[in-house]
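Per-entry structural report
Residue-level listing of the chains:
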Amino acid sequence: MNAGLQLDKLDVMILSILIDDARSSLKSIAKRCGLTSSAVLRRIERLKREGVIVGTRFIVDAEVFGYSLYATLLVDAADSLEPQIKQTVRAMENVIICAESIGRYNLCTLIRGSDIKELNNVTSIIKNIRGINRVAINIWSGEPYFNYGKNFEKVDITKADNNGRR
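This write-up is about the structure you can find in this document. (Residues numbered from 1 in each chain as written. Predicted model: local features only at pLDDT ≥ 70, side-chain atom pairs only at ≥ 80, totals over all residues. Heavy atoms only, no water.)

1. Comments concerning the overall build of the protein chain
Secondary structure summary: the protein chain contains five helices and four strands in total. With an accessible surface of roughly 11100 Å², the protein chain has 51% of that area assigned to carbon and sulfur atoms. (Helix = DSSP H or I, 4+ residues; strand = E, 2+ residues; numbered from the N terminus. Areas by Shrake-Rupley, 256 points an atom, 1.4 Å probe, with all protein chains shown as cover.)

2. Some words on the nonpolar core
One finds Val75, Ile85, Val89, Ile111, Ile126 and Ile132 to be the most contacted residues of the largest nonpolar core, which totals 19 residues. Sorting the residues of this core by element identifies strand E1 (69–77), helix H4 (82–90), strand E2 (95–100), strand E3 (107–113), helix H5 (116–127) and strand E4 (132–141) as the ones contributing at least two each. The biggest single contributor to this core is E1, with five residues. If we ignore the near neighbours within four places in the chain, the residues touching isoleucine 132 are Val75, Asp76, Ala77, Ile85, Ile126 and Lys127. Of all hydrophobic cores here, the second largest spans 14 residues; its members include Leu5, Cys33, Ile44 and Ile53. (Core = buried A, V, L, I, M, F, W, Y, C linked by side-chain atoms within 4.5 Å. Buried < 20%, exposed > 50% of the residue type's maximum accessible area, 1.4 Å probe, protein only. Contact = heavy atoms within 4.5 Å.)

3. Some thoughts on the side chain of arginine 43
The topology assignment puts arginine 43 in helix H3 (residues 37–49). For arginine 43, the side chain forms a polar contact with the side chain of aspartate 11, separated by 2.8 Å. (Polar contact = N/O pair within 3.5 Å; in protein donor to acceptor, adjacent residues only side chain to side chain.)

4. A closer look at the pairing of E3
The buried fraction of E3 amounts to five of the seven residues, a majority that puts the element mostly inside the structure. Taken together, the seven bridges between E1 and E3 define a ladder with antiparallel strand orientation. Bridge pairing links threonine 72 to leucine 110 in E3. Taken together, E2 and the strand that follows it, E3, pair antiparallel across an intervening segment of six residues, in which glycine 103 is found at a positive phi of about 125°. (Pairing = 2+ DSSP bridges.)

5. Considering the packing of helix H1 (residues 9–20) against helix H2 (residues 26–33)
Interhelical geometry of H1 versus H2 gives an angle of 135° and a closest axis separation of 10 Å. The orientation of H1 with respect to H2, classified from their angle, is oblique. Note that H1 runs across H2; the crossing there is right-handed. Residue-level inspection shows Leu10, Met13, Ile14, Ile17 and Leu18 of H1 in contact with H2, the latter providing Ile29, Arg32 and Cys33. Looking at side-chain class alone, the contact of H1 with H2 contains seven nonpolar, no polar and one charged residues. (Axes fitted to C-alpha atoms, helices over the stretch in contact; angles between N-to-C directions. Parallel < 35°, antiparallel > 145°, perpendicular 65-115°, else oblique. Left-handed = near helix turned anticlockwise from the far one by under 90°. Nonpolar A, V, L, I, M, F, W, Y, C, P; charged D, E, K, R; others polar.)

6. Observations regarding the side chain of aspartate 11
Among the structural elements, aspartate 11 can be located in helix H1. Here the side chain of aspartate 11 touches arginine 46 through a polar contact of 2.7 Å, side chain to side chain. The contact partners of aspartate 11, leaving out residues within four places of it in the chain, are Gln6, Arg43, Arg46 and Leu47.

7. Concerning the pattern of salt bridges
Pairing is possible between side chains that carry opposite charge, provided their charged atoms lie close to one another. In total, this model carries six salt bridges according to the counting rule given. Across the pair glutamate 100 and lysine 86 runs a salt bridge, and its minimum N-O distance is 2.5 Å. Of the two residues, glutamate 100 is situated in strand E2 and lysine 86 in helix H4; the sequence distance between them amounts to 14 residues. Shared partners join several salt bridges into a network, and the residues in it are Asp8, Asp11, Arg43, Arg46 and Glu50. (Salt bridge = Lys/Arg side-chain N within 4 Å of Asp/Glu carboxyl O.)

8. Focus: H2
For H2, every residue scored as buried is listed here: Ile29, Ala30 and Cys33. The arc enclosing the buried residues of H2, seen along the axis, measures out at 100°, which places them on a common side. Exposed positions of H2 whose direction lies more than 90 degrees from the buried face are Lys27, Lys31 and Arg32. The first or second residue beyond H2 is glycine 34, which carries a positive phi of 75°. (Arc of directions from axis to C-beta.)

Take a look at the structure:
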């Protein structure tokens, strides 16, 4: 993404609409933003070119497939093996995401399972990967909420200089 990128209120509004429903029609976005469909399309294409929009995804109700529980695993992995560990964990069927984190644990992983036993099995497999020092687990129920743009429209968009200062 361009460090000197500027987003105006219309860009933020368009992004918020797309985050809420990536399948929104150009016509409906245009109506909500007070623009023409072609103006919305030009803005979306620019946001893609500049790396603001990097893709879309469908989110499936995992419970339909028998996954009713989720767990967050905080993983302390050996720094020298972290790339290989991430690759191994990300390839596992029950893993939704494995990302770098800051703090005592350097990886954070979201896993899913049909029951506590399945979550424990996945956790045990991860614990036994070479280079894993420690794993903390938090088990939770209910579907994850993926609305990343919940408060996006409230973000104060101001021009930043080349060093990221406002």
